[in-house]
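Results of the structural survey
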Amino acid sequence: MLVDHARESFFIHAQVSDPMNLETTEPALFFTRLSAHLCAPIFLALTGVGAWLYGNKQGQGAQGARSAADFLWKRGLFLVVLELTVVGFGWSFSFTPQIIYLQVIWAIGLSMIALAALVHLPRPALIAVGLVIVLGHNLLDPITIAAGQPGHVFWAVMHDRSMLDLPWGGQVRTSYPLLPWIGVAALGYAIGPWFMGEQRTRLRRLVLTGLGALALFVVLRATNLYGDPTPWSVQATPIQTVMSVLNLTKYPPSADFLLLTLGVGALILTGLEKAPDRLIGLLAVFGAAPLFFYILHIYALHLLNLAALAVFGPNQGHGFAVPGVVWLWALAALLAVPCWFACRWFGGVKRRSSQWWMKYL
């Protein structure tokens, strides 16, 4: 995520579309962007897992579901407000931006609010709802509702990424259409009990889930019949053909996109449980303050770019850009160090605080 947002701040001259344009996107940039695709699906799945773990602490069965639902809708509403204020300002540094982008924090917040209702379903029904949404929502792709028609705003928020006009002349970009993310959060909640059980069983389930998702991805992608609105094709070189196969739609995330990213994500979670304790301890510093890290890195990248522009001047139009993709990775690695120390500090503050609102941060 940090690398991808460094790309958006320091590689603005080479912005990519989703799916990416293979004629203009070099392999290094393509695979950098592809690696970032893992972030949002894993975030949403772990949102569901975390909600189940929170509810389970408060009680079993219906009592746990009520506790989880109460937390979900409150924190979800908090995240929506945060997206429209603190996060949005961090991207633009403008109190009156011409375009308001509704991005991942918005999607997580609304998915939590939707999940607050879904957690009361029996677990098999919740799994069924999640799978139907994740695997079946591409059947809705042909549905479009033009601006001015009844339901246009609702459909733009739920499934059809578009621009919405605001009464005062600005616009809203529904960057993260919501429906598929609700399905991901529901599936995350459904597998929450795995993370309270015996490790060996959990790891086996995660591996089987990951391999099963990847196998279904291979079948769907190979046939080119369903799963993503952008079919792949044989290209001039083998690497470009691989890029074509992996060039999946994120907005909204197609069934193929979610099968690939969640499949890989399940295997990553399995590997992390076997990782050395020292590595896990380092990563857990970020995990203990994820929202703080998210906001911090947005502001840090924006300020750093403004500082570079002031010192070196523009070198790409009116902006400042680094000379290559490898610089994005180096920049992200360097910025991760002060962010780690800041997260360690904030994590300690959060643990020591007795304020009720701190649990929402």
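Throughout what follows, the structure given in this document is the object of discussion. Predicted, not measured: the structure shown is a model, and the values here were computed from it. (Residues numbered from 1 in each chain as written. Predicted model: local features only at pLDDT ≥ 70, side-chain atom pairs only at ≥ 80, totals over all residues. Heavy atoms only, no water.)

Some remarks on the overall build of the chain
Inclusion rule: Helix numbering and strand numbering both begin at the N terminus, where a helix is a DSSP run of H or I of at least 4 residues and a strand a DSSP run of E of at least 2. The globule rule used here is 2.2 Å times the number of residues to the 0.38 power, and the radius of gyration it is set against is calculated over C-alpha atoms. Each residue is placed in one exposure class: buried if its accessible area under a 1.4 Å probe, protein chains only, is under 20% of its type's maximum, exposed if it is over 50%, and partly exposed if it falls in between. Only heavy atoms matter for contacts: two residues are in contact if any of them lie within 4.5 Å across the pair. The accessible surface values rely on the Shrake-Rupley method and a 1.4 Å probe; as for residues, cover is taken only from the protein chains in view. Counted as positive: Lys and Arg. Counted as negative: Asp and Glu. His and the chain ends are not counted at all. Just so you know, the charge point we use is NZ for Lys, CZ for Arg, CG for Asp and CD for Glu.
Helices and strands together make up the secondary structure of the chain, namely 14 helices and 3 strands. Taking 21 Å as the expected radius of gyration for a compact globule of 361 residues, we find that the chain reaches 21 Å, a close match to that expectation. A buried classification covers 47% of the 361 residues belonging to the chain. Across the chain, contacts joining residues at least 24 apart in sequence account for 72% of those joining residues at least 6 apart. Total accessible area on the chain stands at roughly 17900 Å², and carbon and sulfur atoms take up 69% of it. Of the charged side chains in the chain, 22 are positive and 15 negative; the average position of the first set lies 15 Å away from that of the second.

A word on a nonpolar patch on the surface
Basically, it comes down to this: Patch membership requires more than 30% relative accessible area and the absence of a salt bridge. Residues of like charge join within 9 Å; the nonpolar side chains Val, Leu, Ile, Met, Phe, Trp and Tyr join within 5 Å. Salt-bridge detection follows one rule: a side-chain nitrogen of Lys or Arg within 4 Å of a carboxyl oxygen of Asp or Glu.
Side chains of Ile 268, Leu 272, Leu 279, Ile 280 and Leu 283 sit close together on the surface and give an oily, nonpolar patch of about 350 Å² of accessible area. Elements that contribute at least two residues to the nonpolar patch include exactly α11 (255-273) and α12 (277-287). For the nonpolar patch, the element with the highest residue contribution is α12, accounting for 3 residues.

Observations concerning the packing of aromatic side chains
Put simply, the test is: Pairing of aromatic rings covers Phe, Tyr and Trp, the last through its six-membered ring, and needs centres within 6.5 Å; plane angles under 30 degrees mean stacked, over 60 mean edge-to-face, and all others mean tilted. Whether a charge lies above a ring is judged from NZ of Lys or CZ of Arg, which has to be within 6 Å of the ring centre and within 35 degrees of the ring normal.
Summed over the entire model, instances satisfying the criterion amount to 15 aromatic pairs. Both rings, one in Tyr 176 and one in Tyr 251, keep their centres 5.4 Å apart while their planes meet at 80°; by these two values the pair is edge-to-face. In this pair, Tyr 176 sits in the loop between β3 (171-173) and α8 (179-190) while Tyr 251 sits in the loop between α10 (238-245) and α11, placing the two residues 75 residues apart along the sequence. Overall, Tyr 251 belongs to the buried group, its relative accessible area being 15%. Positioned over the ring face of Tyr 251 is Arg 161, at 3.9 Å from the centre of the ring.

Considering the environment of Phe 341
Its location among the elements puts Phe 341 in helix α14 (residues 325-352). Taking relative accessible area as the criterion, Phe 341 reaches 45% and is therefore assigned partly exposed. Along the backbone, Phe 341 and Phe 286 are 55 residues apart, and their C-alpha atoms lie at a distance of 9.3 Å.

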